[in-house]
Amino acid sequence: MVIRRMRNGLVLIIRSLFRRKRDVKIGLYGPVNSGKTTLANRICVDWLGEEMGRVSAIPHETREIQMKERVKIKNNGKSLTFNLIDTPGIATKIDFEDFVRAGLKKAVAKERAREATKGVIESIKWLDSMDMVLVVLDSTKDPINQVNITILGNLDARNIPVLIVGNKTDLRGSNLARIRNAFPKYPIIGISAKKGENIQDFYSHLIKEL
Amino acid sequence: MLKIKLVPYEKVKEQKFGRLIRDLHEKTLIIIDAKLNAKEEAQLIAETMKGVSDGFSGIELSSLDFRKKAEWGRMEKIKNALVERMVGKKRGITIIGPAKFVQKIKRNPEELLVYL
């Protein structure tokens, strides 16, 4: 963990030397419906006083990249200013019939599926622009799936610092140990973005990891 | 009817997923004789998304490296990286299937289980 933090720090110093001065970008990545936008809203309400985007139980509510600039968080006397980027959930399949089953009309479902495919492509394209990524996982679900492995593998390949956020700890079936066992080399924090559980600890981790 | 096709990794690399995605649209389960790396997986997902339609909802994908990298020492890592570079091939396996026909591919640490 100490070596990882030192490496992250070194990567950021090198990046800052070779790039023009700009704001740090922190991205929210993860599979569909893991609570990325709920967490983005929690951060934005806490520090900017306004939400970032709409949330829904129907998958792929976020279908475009959304950004809030100059978010400044403070914790234990330290502060961090960054641009927060909420990305559409990454998926390997998008079936409009799933949206129909969720209650949408066929035409609306097809349009949502079309936009969602574009969203996945955009999320993947934006990976290169991130300075740090919060990988948001639903802690009630099995973390060993191809989407999670591909996201983490891509961040590793690009030397982008990662903080795994095990979300939905307020729900029965939440299991952070399962995430820790699946991805032992990454720092992990458990929260409920919806209820605000453990959110101060999350901010402290965020400042520490970056 | 679902077909199964074995494809050498070199062929996939050469064709940049084009042929592979066409096969997936034609109800074919693809088995590649190497593990795709993370960037290749992301590229495959992005290319797949471009072709999603009413009849093709995407893919199920899983890949596995049979080597126990976590147990490697520094010298073994260097040796394997050199061999990989010289041979130009990654060891392992990748399975990709059209999502309409493959329900899921379950990944255990040392095996892949395909649910049709």
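What comes next is a walk through the structure. (Residues numbered from 1 in each chain as written. Chains lettered and ligands numbered in written order. Predicted model: local features only at pLDDT ≥ 70, side-chain atom pairs only at ≥ 80, totals over all residues. Heavy atoms only, no water.)

**Structural notes on helix α5 (residues 146-157) of chain A**
With 12 residues, α5(A) ought to run about 16 Å at 1.5 Å a step, and its terminal C-alpha atoms sit 16 Å apart, in line with that. α5(A) sits mainly inside the fold: nine of its 12 residues count as buried. Those residues of α5(A) that sit buried are A:Q146, A:V147, A:N148, A:I149, A:T150, A:I151, A:L152, A:N154 and A:L155. Contacts made by the buried residues of α5(A) are with β1 (25-29), β4 (132-138) and β5 (162-167) of chain A together with α3 (38-50), β3 (59-64) and β5 (104-108) of chain B. Two to three positions downstream of the cap, the backbone nitrogen of A:V147 sits 3.1 Å from a side-chain oxygen, assigning the N-cap of α5(A) to A:N145. The first or second residue beyond α5(A) is A:N159, which carries a positive phi of 55°. (Helix = DSSP H or I, 4+ residues; strand = E, 2+ residues; numbered from the N terminus. Expected span 1.5 Å × (residues − 1). Buried < 20%, exposed > 50% of the residue type's maximum accessible area, 1.4 Å probe, protein only. Contact = heavy atoms within 4.5 Å. Polar contact = N/O pair within 3.5 Å; in protein donor to acceptor, adjacent residues only side chain to side chain.)

**A closer look at the sheet that holds strand β1 (residues 3-7) of chain B**
The strands making up a sheet associate through hydrogen bonds between their backbones, and the pairing can be parallel or antiparallel. All names here are of chain B. What the four strands build is an open sheet, ordered β1-β2-β4-β3; its pairing is mixed. Strand pairing shows two members of the sheet lacking a second neighbour, β1 and β3, which therefore form its edges. The sheet shows a mean angle of 15° between the axes of neighbouring strands, direction not considered. Taken together, the six bridges between β3 and strand β4 (residues 93-98) define a ladder with antiparallel strand orientation. The partner of E60 across the bridge, within β4, is G97. Where α3 meets the sheet, its contacts fall on β3 and β4, and the angle it forms with β3 comes to roughly 170°. (Pairing = 2+ DSSP bridges. Axes fitted to C-alpha atoms, helices over the stretch in contact; angles between N-to-C directions.)

**A look at the packing of aromatic side chains**
All names here are of chain A. Per the stated rule, a full pass over the model turns up two aromatic pairs over all chains. Seen in terms of ring centroids, W47 and Y203 are 5.3 Å apart; in terms of plane orientation they differ by 80°. Their pairing is edge-to-face. Separated by 156 residues along the polypeptide, W47 in helix α2 (residues 36-47) and Y203 in helix α7 (residues 199-209) bring together distant segments of the chain. Assessed through its relative accessible area of 0%, Y203 is described here as buried. Here F202 and Y203 contribute two aromatic rings whose centre-to-centre distance is 5.4 Å and whose plane-to-plane angle is 55°, an arrangement assigned as tilted. (Phe/Tyr/Trp six-rings, centres within 6.5 Å; stacked < 30°, edge-to-face > 60°.)

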